[in-house]
Every structure is written in structure tokens, then in C-alpha cells.
Amino acid sequence: MPRYEYRCHTCDTVFTEQRPMSRSSESATCPDGHEEARRVLSVFATAGRATASAGNPAPAAGGGGWGGGGCGGGCACH
Ligand SMILES: [Zn+2]
């Protein structure tokens, strides 16, 4: 079951909750019992998607930006 991230509008607590995708947009109840928590876009999903799409071109295009540490010497990526 997918896990979604919610933020309570009353106490600003951010928490995650597992629920069916069909109910992902429904308001959730925060750990303090407030029923005002709204779903926020998951950091995990956003990061995962960005990593997945940027993962392939990164080694070729990102050689300069990323190469400071591990690829500074005679690495073939330059
Ligand atoms: Zn709350």
C-alpha cells in the first residue's frame, strides 16, 4: 500500500500514513487527533522521480558538477 505524507493545518505536524491510492487525497488525522491534515506531495516520490529521470544523463552531462570529489583525478568521465 502506498504511503503518503500529510501535514496538519492545526499543529503543523508532518506525518506519513499508508492508505489506498483512491483515498490519498482525503484529509487525514494527525497524531494529535486533529482532522485537518492535508496531503503534501511526497518528498520521496518527487526525489525518486527526479533521480530516475536525471540518473541516466547525469554521468555524461554532470561530470563537471559532480566530479569535484571522486572524479577529480584521472577518471574517464572527464
Ligand atoms: Zn494536528
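For the structure itself, consult the block above.
One structure accompanies this document, and this report is about it. (Residues numbered from 1 in each chain as written. Predicted model: local features only at pLDDT ≥ 70, side-chain atom pairs only at ≥ 80, totals over all residues. Heavy atoms only, no water.)

Looking at the packing of aromatic side chains
The relative placement of two aromatic rings is captured by the distance of their centres and the angle of their planes. We count it as follows: Pairs were defined over the aromatic rings of Phe, Tyr and Trp, the Trp ring being its six-membered one, requiring ring centres within 6.5 Å. Orientation was assigned from the angle between planes: stacked under 30 degrees, edge-to-face over 60, tilted for the rest. Buried, partly exposed and exposed residues are distinguished by accessible area as a fraction of the type maximum, computed with a 1.4 Å probe on protein chains only: under 20%, between the cut-offs, and over 50%, respectively.
Per the counting criterion, the structure on display carries one aromatic pair. Ring centres of Tyr6 and Phe15 lie 6.0 Å apart, and the angle between their planes is 25°; this geometry places the pair in the stacked category. Judged by relative accessible area, Tyr6 falls into the buried class, the value being 0%. Under the relative-accessibility criterion, Phe15 is labelled buried at 11%.

Topic: the coordination of the zinc ion
Which entries qualify depends on this criterion: Water is not among the atoms examined, so metal sites may look incomplete; donors are the N, O and S atoms within 2.8 Å of the metal, or within 3.2 Å for Na, K and Ca. Metal sites are grouped by the angles between bound donors: all angles between 85 and 135 degrees with four donors is tetrahedral, opposite donors over 155 degrees apart with the others between 65 and 115 is square planar for four donors and octahedral for six, and any other pattern is irregular.
Those donors, Cys8 (SG), Cys11 (SG), Cys30 (SG) and His34 (ND1), are the protein atoms that reach the zinc ion, and they lie 2.0 to 2.3 Å from it. Here the zinc ion binds four donor atoms, and the angle range of 104 to 113° at the metal identifies the geometry as tetrahedral. You can call Cys30 buried: its relative accessible area is 4%. Given the relative accessible area of 26%, His34 is considered partly exposed.

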